[in-house]
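Residue-level structural notes
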Number of protein chains: 2
Amino acid sequence: VTWVELPDDTGFGIDNLPLGVFLGGGRPGFRHGVRIGDSVLDLFATTEERVHQTRFLDPFLVDGPDAWRDRREQVTEWLTDERHRARVEPHLIPLEQVQLHRPIGVANYVDFYSSRQHAENVGRLFRPDADPLPPNWRHLPIGYHGRAGTVDVSGTPVVRPCGQLGPPADGGLPPFGPTRRLDFEAEVGFVVGAPSEPGDRVPVTDFAEHVFGVCLVNDWSARDLQAWEYVPLGPFLGKSFHTSMSPWIVPLAALEAARVPAPARDTELLPYLRDEDSPWSLDLALEVAINGEVVSRPPFRDMYWTPAQQLAHLTVNGASLLPGELFASGTVSGTSPDQWGSLLELSWNGAEPLQLADGSPRTFLEDGDVVTVSATAPGVGGGRISLGEVTGRVLPARG
Amino acid sequence: VTWVELPDDTGFGIDNLPLGVFLGGGRPGFRHGVRIGDSVLDLFATTEERVHQTRFLDPFLVDGPDAWRDRREQVTEWLTDERHRARVEPHLIPLEQVQLHRPIGVANYVDFYSSRQHAENVGRLFRPDADPLPPNWRHLPIGYHGRAGTVDVSGTPVVRPCGQLGPPADGGLPPFGPTRRLDFEAEVGFVVGAPSEPGDRVPVTDFAEHVFGVCLVNDWSARDLQAWEYVPLGPFLGKSFHTSMSPWIVPLAALEAARVPAPARDTELLPYLRDEDSPWSLDLALEVAINGEVVSRPPFRDMYWTPAQQLAHLTVNGASLLPGELFASGTVSGTSPDQWGSLLELSWNGAEPLQLADGSPRTFLEDGDVVTVSATAPGVGGGRISLGEVTGRVLPARG
């Protein structure tokens, strides 16, 4: 039990202890912090280690799982043993006195496509005459590189992007302007801490040797730009304008109670993707809200491909990992329509507008809309821990 | 005229002065250098400015075009005016005494697809029943994000990647192993120096306000992995194992004499892509050699989309630019078969093996092969300047 006074149902109790990067609290410079309740423990002030006074978590994460565990055990002791209270309590800063920043450098950003329901929904919408799943889908976790440099922290506004909205009519110019189909994608992100060497593979069983923790991701998407540009080289401007991530990275160590068996798969897998010995399905319950109203509750536990399989695939060609890189699950969509993780699916590409409680319909996002993705998971302490939230407001396109 | 003794036909005379990053020469730490002849001018030793004693050029490039021009004028004066010789000459280090390193951080890496001949060749090979050019090709420079973290400097060996080689036969497992279709792609890369703000667009006319210079890129590709994985989200493991870049970044200022009018285009462009007022076609003559034997001479001047159009497209959705990011042209292929920039094209997907002078045929690359891409351009001094080379040897797959 911690001596820190916690709000009821905080989700940020002693069994969570996520890491982030902040400014403020009466001291200068970027520092690493641990969230407990509605406070931030200043890791630099508490440990006096320079590695915790850096812009990103990367220089700490690079030290690997032993260092992560040692720090976690130390912080747990400090926050539970009354003998440390006098020294540590002055370094607890109320959350409202700090500004949270993007916690990692995002050396690479990979986005997968690992929800079968999502892939089938997209297939039915965009390729109605074909099998909704591409032929490779059951054999490998499809993924691609997104724009690392435009991943930013939750709360950063999203400017509606402009671009080519589709093919030209009558052989003229393609229509151009602000996207008319701005969407969110509710995803779960995984933060790589320990790097790998060029040429090395990271087997499924080594997932926790490299991945430090989990965050939430909103992969904002402009569906009209995307549909026109994506053949043959994949999504580009339809995604690259902005990606949002939550500020607190929840360590895998806090998610031990959330591990569940992998879902049934109907296709035999190559050895490098088999995960019987290392299932990394996670029972994370997501919620998506538009302007505060919950519009979907995607369950992460049903994802066909686990993050351990994603990492094994990402590195099977010998591509090296860097500290502070991010890979995300792809849109999390459950089997039921109230579990779908994008407006593309929820409004069936605009054909069936979502009715918000205030009576207004939504096909895609409007200027001023605020999208918030939050999530909880079973904690090792018996209750539920929080992954926090990733939120962002849509600003009008620039003239 | 410089007082530095230059080899005949050096290509690195006083009208070139590319920037790079090196170790060695009897002093500790990474430093920025300027190549002149077969020597490197140590910029940190000469200027005593800390910005030139950093791992990458990025902290210097971020200062923008005025700083780039001032430094270039200063270095030109030092290397031409005999009065500076006594002070500067001790900081000229013979090339063989230094190790060249990746010169930029590569915050983002984008690869385009801007040679019409290349796109048509690929279309004929992979989509024989369709129009070889995708319907969007004439309306926008197609591009995608590559893996920034596996871009490395020329000379770094390339381990043959493993992966899924294609669809399963008879409903079993996909074939798995070392790629059988390892290829090169001869490309030209553009290094962004000055960043842009999220939401801003960089018009075609502002190209030189953001782009510092030019390098050579080999976008190594595993064609079997790529063909199986790339629908619907684009190339991933078929490219992400390794990308090579040349060590010397040739400033745009050195390429003024290489600027040529844009090629004729048969389709009207949206205003943001029109480049009548700012043509950035460049007359770069590329050479590709396998084990020292020239197998192709791709001309860059015929590229359909210029780098200024690529940058305008990349940012039209408001995606911000970071210092030290890289974008590349895509494979440079001219109209004649001896000008094609990949083995996929040169061997027509393996159907017409290339005969090397030693009598051995090449469909795709073999272990031990060394691929070298080099290039020259008209210099402002009347002769030709060199862009140096990007080279790499293929190592066998890891067991």
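The rules behind these values
- Residues numbered from 1 in each chain as written.
- Chains lettered and ligands numbered in written order.
- Predicted model: local features only at pLDDT ≥ 70, side-chain atom pairs only at ≥ 80, totals over all residues.
- Heavy atoms only, no water.
- 1 Å grid on protein atoms, 1.4 Å probe; cavity = no way out; pocket = protein on both sides within 12 Å on 5 of 7 lines; lining within 4 Å.
- Points joined across faces, edges and corners; volume = space filled by probe spheres on them.
- Helix = DSSP H or I, 4+ residues; strand = E, 2+ residues; numbered from the N terminus.
- Nonpolar A, V, L, I, M, F, W, Y, C, P; charged D, E, K, R; others polar.
- Least-squares fit on C-alpha atoms with pLDDT ≥ 70 in both.
- Contact = heavy atoms within 4.5 Å.
- Buried area = accessible area lost by both parts, 1.4 Å probe.
- Salt bridge = Lys/Arg side-chain N within 4 Å of Asp/Glu carboxyl O.
- Polar contact = N/O pair within 3.5 Å; in protein donor to acceptor, adjacent residues only side chain to side chain.
- Core = buried A, V, L, I, M, F, W, Y, C linked by side-chain atoms within 4.5 Å.
- Buried < 20%, exposed > 50% of the residue type's maximum accessible area, 1.4 Å probe, protein only.
- Pairing = 2+ DSSP bridges.

To continue, consider empty space enclosed by the protein. Under the defined criterion, the tally for this structure stands at nine cavities of 30 Å³ or more. By volume, the largest cavity amounts to about 250 Å³. Residue lining of the largest cavity: 22 residues in total, with Tyr113, Val122, Arg223 and Gln226 of chain A together with Leu233 of chain B positioned closest to the centre. Looking at the lining of the largest cavity, the elements that each hand over two or more residues are β6 (109–112), α5 (116–126) and α7 (223–229) of chain A. Of the residues belonging to the lining of the largest cavity, the class tally is 11 nonpolar, four polar and seven charged. The space that makes up the second largest cavity amounts to roughly 90 Å³. Lining the second largest cavity are Leu17, Leu19, Val34, Phe60, Trp68, Arg71, Arg72, Val75, Phe212 and Pro251 of chain A. Tallied by class, the residues present in the lining of the second largest cavity amount to eight nonpolar, no polar and two charged.

What follows deals with the relation of the copies chain B and chain A. Each of the two chain copies can be brought onto the other by rotation about an axis and movement along it. The transformation that overlays chain B on chain A combines an axial shift of 0.0 Å with a rotation of 180°, and the residual RMSD is 0.0 Å. A rotation of that kind, with that shift, is consistent with a two-fold axis. The C-alpha atom lying nearest the rotation axis in chain B is that of glycine 234 of chain B; the distance is 2.0 Å. When you check the interface residues of chain B against chain A, 100% turn up at the interface there too, and the contact is symmetric in its surfaces.

In this assembly, 61 residues from chain B lie in contact with 61 residues from chain A. Across the interface of chain B and chain A, roughly 5300 Å² is buried in total on both sides, 62% from carbon and sulfur atoms. At the boundary of chain B and chain A, one finds four salt bridges. Linking aspartate 200 of chain A and arginine 398 of chain B is a salt bridge whose minimum nitrogen-to-oxygen distance equals 2.9 Å. One can count 28 residue pairs in polar contact (both at pLDDT 80 or more) joining chain B with chain A. Those elements giving two or more residues to the side of chain B that touches chain A turn out to be β6 (109–112), β7 (143–145), β10 (162–164), α7 (223–229), α8 (237–240) and α9 (307–315) of chain B. Of the residues contributing to the side of chain B that touches chain A, the split by class is 36 nonpolar, 16 polar and nine charged.

Here we take up the nonpolar core. Leu284, Leu286 and Phe327 of chain A together with Leu284, Leu286 and Phe327 of chain B are the most contacted members of the largest nonpolar core, which totals 154 residues. With residues up to four places along the chain from it excluded, the contact list for leucine 284 of chain A reads Val188, Val214, Leu255, Pro298, Pro299, Phe300, Arg301, Thr376, Ala377 and Leu387 of chain A. Of all hydrophobic cores here, the second largest spans 33 residues; its members include Val21, Ala194, Cys215 and Val217 of chain B.

Strand order in the open sheet made by the five strands is β9-β26-β25-β20-β21 (chain B), with mixed pairing throughout. Every interior strand has two partners, whereas the edge strands, β9 (158–159) and β21 (293–296) of chain B, have only one.

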